[in-house]
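What the coordinates show
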Amino acid sequence: MKKLKLDIIGLSYSQTQSGAYALVLGEVSGRRRLPIIIGGFEAQAIAIEIEKMTPSRPLTHDLFKSFAEAYHIHISEIIIYNLVDGVFYSKLVCNDGKKNIEIDARSSDAIALAVRFGCPIYTYEFILASAGIVIEGNDFVFLDNIEPSKEPTVTGNSYSTFSDEELQTKLKEALAEEAYEKAVKIRDEISKRKSN
């Protein structure tokens, strides 16, 4: 069966399920999108790696990568191979230099590992045909729609009143507290200032 390569197109707060996120994968050579609903922890794990943020302590997916590398195991690709009752099934294709091994995984975990190992994500035509959607243009924006933190925030969720030094301090504090959604907002303010 021919594999179709996918890229991560966007990650946003799910409008249909409270506390969940929509991870949108896009067909590399086409216009179809594959939305997958994932949990908040996995969304943070994917967002942190995409944005190249460094948590104060390793997250579970970082630990898995360190463990695999310590034993010379490499993930060569991720395959979303089945869809049953709305649940996507994925596998990690691993190699230790001698043989390939396929390991079953939740799609959200598999994708969090794919971004860490820099490996391609694939699926099959029948999955895109049954669960894919065609998007005119690109309606998804990386990480911009992640739900605001539930903790007390700065007025209007804006960090624009802080100095650059204060923002850097707050970013370090947020990472130390593992408040990654807050850290993304602070990082966005720092990036906005740098681009002006």
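Residues numbered from 1 in each chain as written. Predicted model: local features only at pLDDT ≥ 70, side-chain atom pairs only at ≥ 80, totals over all residues. Heavy atoms only, no water.

With an unreviewed UniProt entry as reference, the protein chain is termed BFN domain-containing protein, source organism Pedobacter psychrophilus.

Some details on the side chain of Arg32
Position of Arg32 relative to the elements: it lies in strand E3 (residues 32-39). The exposure class assigned to Arg32 is buried, which follows from its relative accessible area of 18%. Reaching out from Arg32, the side chain makes a polar contact with the side chain of Glu27 at a distance of 2.9 Å. At 2.8 Å, the side chain of Arg32 forms a polar contact with the side chain of Glu125. Not counting the four nearest positions on each side in its chain, Arg32 is found in contact with Leu4, Leu25, Gly26, Glu27, Glu125, Leu128, Ala129, Ile133 and Val134. (Helix = DSSP H or I, 4+ residues; strand = E, 2+ residues; numbered from the N terminus. Buried < 20%, exposed > 50% of the residue type's maximum accessible area, 1.4 Å probe, protein only. Polar contact = N/O pair within 3.5 Å; in protein donor to acceptor, adjacent residues only side chain to side chain. Contact = heavy atoms within 4.5 Å.)

Quick notes on the packing of aromatic side chains
One pass over the full model with this rule turns up 3 aromatic pairs. Ring geometry for Phe67 and Tyr71: centres 5.2 Å apart, planes at 45°, overall tilted. You'll find Phe67 and Tyr71 in the same group, each marked exposed. Between the NZ or CZ atom of Lys65 and the centre of the ring of Phe117, over which it lies, the distance is 5.9 Å. Lying over the aromatic face of Tyr81, Lys91 brings its terminal NZ or CZ to 5.1 Å of the ring centre. (Phe/Tyr/Trp six-rings, centres within 6.5 Å; stacked < 30°, edge-to-face > 60°. Lys NZ or Arg CZ within 6 Å of the ring centre and 35° of its normal.)

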